[in-house]
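Overview (structure and organization)
Chain by chain, the residues:
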Amino acid sequence: MFSRIAGTGSYLPAKVLSNHDLAQRVDTSDEWIVARTGIHQRHIAAPEEMTSDMALKAVEAALASAGVTAEDVDLLIVATTTPDSIFPSTACILQEKLGVHGFPAFDMQAVCAGFVYALTTADQFIKSGASKCAVVVGAEKLSNIVNWDDRNTCVLFGDGAGAVVLKADAETGILATHLHADGRYNGILKTPGRAVANAIDGEAYIHMDGSAVFKFAVKALSAVAEETLAKAGLAKEAIDWLVPHQANIRIIESTAKHLHLSMEKVIVTVGEHGNTSAASIPLALDAGVKSGRIQRGQTILMEGIGGGFAWGSVLARF
Ligand code: ACO
């Protein structure tokens, strides 16, 4: 049995924060942000809008696009770094909002690699026969953990959610998956704060060594793309679309160059969405599908990397 992506969906909060808006608050400029990151704007959730609310909207759209209902779902995985609360899991809260219950629902924490980790996990459930219709969501309210006075980080991130419905199928969908982690690099991108005795011990904001992250990301993403292609027995030329984690246009361009892919074959949403961590790949995938660029039967390579460090990729025939 194989896993096939039967539908995609996404959601972005209504509020848009432009680079010019940010320049009113911190010492930065539209020119600096665009030149270094490719980001023009990001969406920001309303204060009362939880990660599970954004996830719900993305899942509803994905279910509709797959032609199934919540009653058909037998597995729910939410990739998120910004859960509604420490517990219960955002997946359990989302399951209740979907009006269904009983089947396994859990969160997956691999930061910006969360979606490829969750997709790989759901693929294993389907291949083993434990699931026939899985929903995989990436949803983030990063605005909660961004220090809006730190120009090194606040220009990079945004909120949103994306989802896919994975169905068991006799025909190939997901061709190969490959995951990695290297905990020795856990210090270069993190939120140091811990919840202790009803308070936060340390800062709960994102801290980042930008240039170390940049160097690590380019090397790791290029290598994992090759490993995943090799597993599937395919050459670089087989890729119709690269759907990368949307952290930074320069990281995306470097990966595409390594794969000998023209930027015409890369789905890029970082300019409009910013970095939405676990939500960025399913948001980009849905944008590629809805715009008619990604077509059934085409081969897509999704890849993500994030804090931990954790990274991986999923090669699929759409
Ligand atoms: N506006 C203006 N100046 C800024 C800003 C800003 N928003 N942010 C930092 N600077 C300044 C710094 O203070 C520093 O000034 P100084 O030299 O006087 O100390 C200078 O710019 C740093 O310049 P560079 O080191 O040349 O900046 P760089 O080209 O490395 O770009 C960036 C910084 C964009 C953060 C880059 O390192 C990067 O993209 N790293 C990857 C980070 C990333 O993508 N993180 C996302 C999370 S991880 C993931 O999703 C994979």
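Residues numbered from 1 in each chain as written. Predicted model: local features only at pLDDT ≥ 70, side-chain atom pairs only at ≥ 80, totals over all residues.

Let us now look at the site of the ligand. If you check the shell around the ligand, you find 23 residues, and the closest are Thr-28, Arg-151, Gly-210, Phe-214 and Ala-247. Of all the secondary-structure elements, those providing two or more residues to the shell around the ligand are helix 2 (30-37), helix 6 (151-154), helix 7 (210-232) and strand 14 (299-306). If one sorts the elements of the shell around the ligand by residue count, helix 7 sits on top with 5 residues. Residue classes in the shell around the ligand are distributed as 12 nonpolar, 9 polar and 2 charged. Each of domain 1 (2-170) and domain 2 (175-317) accounts for three or more of the residues forming the shell around the ligand. (Near = placed C-beta within 6 Å. Helix = DSSP H or I, 4+ residues; strand = E, 2+ residues; numbered from the N terminus. Nonpolar A, V, L, I, M, F, W, Y, C, P; charged D, E, K, R; others polar. Domains from an automatic or database assignment.)

In this section: the UniProt feature "domain: Beta-ketoacyl-[acyl-carrier-protein] synthase III C-terminal" (unreviewed entry) in the protein. Within this structure's numbering, the places UniProt gives as "domain: Beta-ketoacyl-[acyl-carrier-protein] synthase III C-terminal" (unreviewed entry) are residues 229-317. Helix makes up 33% of residues 229-317 and strand 22%. Its end C-alpha atoms lie 12 Å apart. (UniProt positions renumbered as here; feature names shortened; annotations may be inferred.)

Here we take up the sheet that holds strand 13 (residues 241-244). As summarised here, the arrangement of the 4 strands in space is 8-15-14-13, forming an open sheet in which the pairing is mixed. Sheet topology places strand 8 (174-181) and strand 13 at the edges, where each strand pairs with a single neighbour. Across this sheet, the average inter-strand angle for adjacent strands is 10°, counted without regard to direction. Pairing between strand 14 and strand 15 (residues 310-317): 8 bridges, direction antiparallel. Note that in strand 15 the partner of Met-302 across the bridge is Val-314. (Pairing = 2+ DSSP bridges. Axes fitted to C-alpha atoms, helices over the stretch in contact; angles between N-to-C directions.)

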